[in-house]
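# Coordinate analysis (summary)
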Amino acid sequence: MHFQKSLPRLPVPELAKTGERYLKAIRPLISNDQYKTAEQRTHNFLNKEGKVLQESLVTLDKRNKHTSYISEYWYDLYLRDRSPLPVNYNPLIVFVNDSRPEYNNQLVRSTNMLISAVRFMLSLRDQILEPEVYHLNPKKSDTQLFRTVTGMLPEALSWYGAYLFKAFPLDMSQFVGLFGATRIPCSTKDKIFRDPKSKHVVVQKNGNFYIFDVLDANGNLISPLEMLGNLSKIIKDNAPKAEHPLGILTTQNRDEWAKQRDYLEAGGNSEALNKIDSAIFNLVLDDDDINDDKHKILRKYLHDDGLNRWFDKSFSLIVTRDGVAGINFEHSWGDGVAVLRFFQDIYAETTKNPFIHPDSKPSDSNITVRKLEFKLDDKIKQWIDDAKKEYKTWCGSLSIDYILYEGLNKGDCKKYKVSPDCIMQLGFQAAHHLLKGSFVGTYESCSTSAFKHGRTETMRPCTEKTKAFCETLHANKSSVEDLRGLLQECSSVHTELVKQAAMGQGFDRHMFALMKIAEENNLPRPEIFDSYEYKYLNKSILSTSTLSSPSVLAGGFGPVAKEGFGIGYSAFPDKLGAAVTSYKSHNDSTQFIEALHKSFIDITKVLSG
């Protein structure tokens, strides 16, 4: 937390600039007549209610210098939503396998990951976890000199020291949300429960729950062989599959689950539920193999059958019988920056300096595993049976597919002097235009963690330039040179928009905060927020997000709109990859992947001439 005190605050953008940026984002999506109406409506808002709301927001922001103007509103948005967590909110990230096959054994890999995860947590608790820093030029700043100099500076000045190295410390306030935490369902608005002194983990196998302490009475990590012994006992436990797996209840509408949970607690299950809530995290041992089936990976880590899951936990580390590991995380408490840092650190340690080896022998002493028992009456059993059927139907309605395109990679994009992110986003626009002949609300998540309590900003990749490129490309009337010129323009605009969003100069969060200010102060709801154009822009038909790292095999999430696509993507050093989800009643992810493949080929031809 060394840089936390001196982190800059998330700026409240100027109202006029937000108006300009908003109009630019809706321009490619609507007709000329619709745009004229939208322009008039926006100017009315900027000159009337917008001014009053902006003043209130600026005043509120000045009163709360310990946080950002968006933080509380954003937590509230997540916690009030009543939609089920899996598919709608919880994303997945899957680890690359260990290059040594013998370390991908389920017991060996899950023990190593458990040890490294708890070590990460202890370093966070002891305030010795190295701060997360974005290095503009790693060769110059990701050095011992940087650490020494910034480490010697007082906390109130430390950020400025880093800035002189062209390095940007990131907000670390979300990291505490990783451990000992659970989202508890409550009527109308959920709450986040945290136990900062938690000593145990919860392990799920076959729908059963087990717990054991990973820290001793003094708060120190138990030995690796004791850890191995406890997990070995769970893996060898021949208890049958849970006839009524309680975890399935976490797949439901939040109000429904809140009522059921209250009933469960009143029926003598509060202590067992508290053990799950307060556990450092949830380790899930699945009893099946992936066998390098990418479709199976995406389904398993996004939703699975829900019988061996607890989607409310801050995160679940899931390891299959053949040692494929990944994370499914609850999204309200934090974003990709905290999860990815944790993910990368434990991957690095387990693959380079593991504590357990294939020939390690589990310790028989200090085995403290116990199985959690629940009191379930007929009413609860019926709820479980109903939830199973409902969830199975819902997951069956999903269409999931992926692409790994080797004709272009990150390096190629840089060689052609275009942004790899722009190329991928342009591919999504071209694929959608090819399939549907239209341009739609597109959401690209961009982190604002360079600011104190920053969360995310929306970057709008569907621009007038991307529209012009797609229409020209599909009209088949222009030369490669003309198309290349348009593509370069797309990249320039895209890069500028990403920069604006990362620097807190987007417009989406600002407009959302202005809407919340009107609500909070019982002011009439401005017309702009119920307008056709605002709703059309904010219906995220293409919802996209990227997490790039050598330790990430795959990442993804569900569609945000019933008619939309959820697209998790990465520009890898050797290829471009994307996982696409949609609902079968509206779209076919495989068709989208085919259109995307064609679009990538077209873009490659334009780039390479």
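Residues numbered from 1 in each chain as written. Predicted model: local features only at pLDDT ≥ 70, side-chain atom pairs only at ≥ 80, totals over all residues. Heavy atoms only, no water.

## Considering the overall build of the protein chain
Keep this limit in mind: To qualify as a helix, a DSSP run of H or I must reach at least 4 residues; to qualify as a strand, a run of E must reach at least 2; elements of each kind are numbered from the N terminus. Atoms counted for the radius of gyration: C-alpha only. Globule rule: 2.2 Å times residue count to the power 0.38. Accessibility here uses a 1.4 Å probe with only protein chains present; expressed as a share of the type maximum, an area under 20% marks a residue as buried, one over 50% as exposed, and anything in between as partly exposed. Note on contacts: a residue pair qualifies if any of its non-hydrogen atoms lie within 4.5 Å across the two residues. Computed with the Shrake-Rupley method and a 1.4 Å probe, the accessible areas treat only the protein chains shown as cover for residues. In this count, Lys and Arg are taken as positive residues and Asp and Glu as negative ones, while His and the chain termini are left out. The location of each charge is read from NZ of Lys, CZ of Arg, CG of Asp or CD of Glu.
The number of helices and strands found in the protein chain is 20 helices and 18 strands. Taking 609 residues into account, the globule formula puts the C-alpha radius of gyration at 25 Å, and the protein chain, at 25 Å, falls close to it. Taken along the three principal axes of its C-alpha coordinates, the protein chain extends 75 × 60 × 55 Å. Evaluated residue by residue, the protein chain yields a buried proportion of 56% over its 609 residues. Counting contacts in the protein chain only where the partners sit at least 6 residues apart, residues at least 24 apart contribute 77% of the total. As displayed, the protein chain has an accessible area near 25,700 Å², and 52% of this comes from carbon and sulfur atoms. Positive and negative side-chain charges of the protein chain, numbering 78 and 76 respectively, have mean locations separated by a distance of 3 Å.

## Some points on helix H17 (residues 480–502)
Short version of the rule: Here the expected span of a helix is defined as 1.5 Å times the quantity of residues minus one.
For H17, with 23 residues, the first-to-last C-alpha span of 33 Å sits near the 33 Å given by 1.5 Å per residue. Among the residues of H17, Leu483, Leu486, Leu487, Cys490, Ser491, His494 and Ala501 are the ones counted as buried. Of the surrounding elements, those touching the buried residues of H17 are helix H15 (420–436), strand E13 (442–447), strand E14 (456–459), helix H16 (464–475) and helix H20 (589–608). Immediately beyond the C-terminal end of H17, within one or two residues, lies glycine 504, with a positive phi of roughly 75 degrees.

## What about the pattern of salt bridges?
What counts is decided by this rule: Here, a salt bridge means any side-chain nitrogen of Lys or Arg that lies within 4 Å of a carboxyl oxygen of Asp or Glu.
For the structure on display, the rule yields 38 salt bridges. Residues arginine 341 and aspartate 345 are paired through a salt bridge, measuring 3.0 Å at the closest nitrogen-oxygen approach. You can see arginine 341 and its partner aspartate 345 sitting in helix H12 (residues 336–352), four residues apart, about one turn around the helix. Accessibility expressed as a relative area gives 8% for arginine 341, which makes it buried.

## Structural notes on empty space enclosed by the protein
Inclusion rule: Here a cavity means grid points, on a 1 Å grid over the protein atoms only, where a 1.4 Å probe fits yet cannot get out; a pocket means an open set of points with protein on both sides within 12 Å along at least five of seven lines; lining residues are those with an atom within 4 Å of a point. Grid points are joined across faces, edges and corners, and a volume is the space filled by probe spheres set on the points. Throughout this entry, Asp, Glu, Lys and Arg are counted as charged residues, while Ala, Val, Leu, Ile, Met, Phe, Trp, Tyr, Cys and Pro are counted as nonpolar. The remaining residues, Gly among them, count as polar.
Evaluated as defined, the whole model comprises seven cavities of 30 Å³ or more. Considered class by class, the residues forming the lining of the largest cavity number three nonpolar, four polar and three charged.

## Notes on the layout of surface pockets
The volume enclosed by the second largest pocket comes to roughly 430 Å³. Considering the residues around the second largest pocket, the lining is formed by 20 residues, among which Arg21, Lys24, Val493, Leu497 and Gln500 are closest to the centre. Residue assignment for the lining of the second largest pocket shows that the elements contributing at least two residues are helix H1 (15–26), E14, H16 and H17. The residue makeup of the lining of the second largest pocket, split by class, is seven nonpolar, five polar and eight charged.

## Considering helix H10 (residues 254–278)
Here is the rule we go by: Within 3.5 Å is the distance limit for a polar contact, defined as a pair of N or O atoms, with the added protein rule that one can donate a hydrogen and the other accept it, and that residues adjacent in sequence qualify only through two side-chain atoms.
Taking 1.5 Å of rise per residue, 25 residues should cover 36 Å, yet H10 covers just 20 Å from first to last C-alpha, more than 12% shy of that figure. Those residues of H10 lying buried are Arg254, Trp257, Ala258, Gln260, Arg261, Leu264, Asn269, Ala272, Leu273, Ile276, Asp277 and Ser278. Elements that come into contact with the buried residues of H10 comprise strand E4 (181–184), strand E5 (191–194), strand E6 (200–205), strand E7 (208–213) and helix H13 (378–396). Structurally, the start of H10 carries an N-cap: the backbone nitrogen of aspartate 255 is 2.8 Å from a side-chain oxygen of asparagine 253.

## Thoughts on the UniProt feature "active site" (unreviewed entry) in the protein chain
We apply this condition: UniProt positions are given in the numbering used here, feature names are shortened, and annotations may be inferred rather than shown by experiment.
UniProt's feature table lists "active site" (unreviewed entry) at His331, given in the numbering used throughout. Locating histidine 331 in the fold gives a position in the loop between strand E10 (325–329) and H12. Those residues within four positions of histidine 331 in sequence are excluded, and the remaining contacts are Tyr78, Tyr89, Asn90, Pro91 and Arg455.

## Observations regarding the sheet that holds E13
The line we're drawing: Pairing between two strands is assigned when DSSP locates at least 2 bridges connecting them. Here an axis means a line fitted to C-alpha atoms, over the contact stretch when the element is a helix, while the angle between two N-to-C directions is reported on a 0 to 180 degree scale.
Ordered in space as E12-E18-E17-E15-E13-E14, the six strands form an open sheet in which the pairing is mixed. Looking along the sheet, the strands with just one partner apiece sit at the ends: strand E12 (398–405) and E14. Within this sheet the neighbouring strands show an average axis-to-axis angle of 20 degrees, counted without direction. Of the strands in this sheet, E13, strand E15 (542–546), strand E17 (565–571) and strand E18 (576–583) are in contact with H15, which crosses E17 at around 145 degrees. Along the sheet, H20 makes contact with E12, E15, E17 and E18, crossing E12 at roughly 20 degrees.

## A short note on the sheet that holds strand E9 (residues 315–319)
Pairing between the strands of a sheet is mediated by backbone hydrogen bonds and can be parallel or antiparallel. In spatial order, the strands read E11-E7-E6-E8-E9-E10-E1-E16; together these eight strands make up an open sheet with mixed pairing. Edge strands, defined here as strands with exactly one partner in the open sheet, are strand E11 (370–371) and strand E16 (552–556). Here two bridges tie E7 to E11, and the two strands are oriented antiparallel to one another. Counterpart to isoleucine 211 in the pairing with E11 is arginine 370. With respect to the sheet, H12 is in contact with strand E1 (92–95), E9, E10 and E16, its orientation differing from that of E1 by roughly 15 degrees.

## Looking at the packing of H16 against H17
The test is simple: Put simply, angles under 35 degrees are roughly parallel, angles over 145 are roughly antiparallel, angles from 65 to 115 are roughly perpendicular, and the rest are oblique. In this scheme the handedness of a crossing depends on how the near helix is turned from the far one: anticlockwise by less than a right angle means left-handed, clockwise means right-handed.
In the contact formed by H16 and H17, the axes pass within 9 Å of each other and the chain directions differ by 155 degrees. Our classification of the angle between H16 and H17 gives roughly antiparallel. Regarding H16 and H17, the two cross each other, and that crossing is left-handed. Residues Lys465, Thr466, Ala468, Phe469, Thr472 and Leu473 of H16 lie in contact with H17, whose contacting residues are Leu483, Leu486, Leu487, Glu489, Cys490 and Val493. Residues that form the contact of H16 with H17 fall into these classes: eight nonpolar, two polar and two charged.

## Concerning the environment of isoleucine 367
Among the secondary structure elements, isoleucine 367 is positioned in the loop between H12 and E11. In the structure, isoleucine 367 is positioned 136 residues away from leucine 231 in sequence and 9.2 Å away in space, judged by C-alpha atoms. With residues near it in sequence (within four places) discarded, isoleucine 367 still touches Gly229, Asn230 and Lys233.

## Let's talk about the side chain of threonine 351
Relative to the elements of secondary structure, threonine 351 occurs in helix H12. Taking relative accessible area as the criterion, threonine 351 reaches 17% and is therefore assigned buried. Separated by 3.3 Å, the side chain of threonine 351 and the backbone oxygen of alanine 348 make a polar contact. Setting aside its immediate chain neighbours within four residues, threonine 351 contacts Asp98 and Arg100.

## Some remarks on the UniProt feature "domain: Choline/carnitine acyltransferase" (unreviewed entry) in the protein chain
In the numbering adopted here, UniProt assigns the feature "domain: Choline/carnitine acyltransferase" (unreviewed entry) to residues 10–598. Within residues 10–598, the helical portion is 45% and the strand portion 15%, while the C-alpha atoms at the span's ends are 40 Å from each other.

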